[in-house]
Amino acid sequence: MIITNFSDSEGMVKSSVYDCSILPLNKIHNRAGNITIVEGQKNIPFDIKRIYYLYDIPGGEDRGGHAHKELRQLIVAASGSFDVMLDDGINKKIVTLNRPNYGLLVVPGIWRELMEFSSGAICLVLASEKYLEFDYIRDYSTFISYKND
Ligand code: TYD
């Protein structure tokens, strides 16, 4: 597991899509189905301060379209599948999420877009911080200016 801890603006500037990694999560299977347990600082490298999930996403719609200055997230396809496009201002990477026992760790300073949602997809996000609009960069050219700082 790659543990990356960017808590300062320098980390946000220098982070790359290669710092974002797929984390395998546990899966306990029995004949009644599966369970996956995620514990902050145990199998993901941050404390979980917030959870949210996207669902009922109409076909063809995209989500995201922003970067964060400090927030770290684990993105999980709790159901169905979708693609996450990661962009550090230089490199782009598309990751397909389609298994509930794998999560995509997204570090600060990465522009992300979520697309190609399958019908019934649920995008579960575990976040390292509470909701702070100040932490968002919602304009791509502003994002590029931050990365070139
Ligand atoms: P937004 O971050 O734009 O969604 P996405 O990146 O998935 O397209 O958030 C959509 C709306 O929800 C926006 O009005 C802000 C609000 N919101 C909260 O109030 N708290 C939260 O924790 C999140 C993630 C969003």
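The rules we used
- Residues numbered from 1 in each chain as written.
- Predicted model: local features only at pLDDT ≥ 70, side-chain atom pairs only at ≥ 80, totals over all residues.
- Heavy atoms only, no water.
- Pairing = 2+ DSSP bridges.
- Helix = DSSP H or I, 4+ residues; strand = E, 2+ residues; numbered from the N terminus.
- Axes fitted to C-alpha atoms, helices over the stretch in contact; angles between N-to-C directions.
- Near = heavy atom within 4 Å.
- Polar contact = N/O pair within 3.5 Å; in protein donor to acceptor, adjacent residues only side chain to side chain.
- Areas by Shrake-Rupley, 256 points an atom, 1.4 Å probe, with all protein chains shown as cover.
- Nonpolar A, V, L, I, M, F, W, Y, C, P; charged D, E, K, R; others polar.

**Notes on the sheet that holds strand E11 (residues 122-127)**
Sheet architecture is open: five strands sit in the order E1-E9-E6-E11-E4, paired in antiparallel fashion. A single partner strand is all that each edge strand has here, and the edge strands are strand E1 (21-24) and strand E4 (50-54). Each adjacent strand pair in this sheet contributes to an overall mean axis angle of 25°, direction not counted.

**Thoughts on the site of the ligand**
In the neighbourhood of the ligand, the contacting residues comprise Arg50, Tyr52, Leu54, Arg63, Gly64, His66, Tyr131, Tyr136 and Arg138. Here an oxygen atom of the ligand and a backbone polar atom of Gly64 are 3.1 Å apart. One of the side-chain N or O atoms of His66 is found 3.4 Å from an oxygen atom in the ligand. Expressed as a share of its isolated accessible area of 530 Å², the protein-covered part of the ligand is 59%. The residue inventory of the shell around the ligand, partitioned by class, reads four nonpolar, two polar and three charged.

**Topic: the sheet that holds strand E12 (residues 136-137)**
Taken in spatial order, the five strands of this open sheet run E8-E7-E10-E5-E12, and their pairing is antiparallel. Each end of this open sheet is capped by a strand with a single partner; those strands are strand E8 (92-97) and E12.

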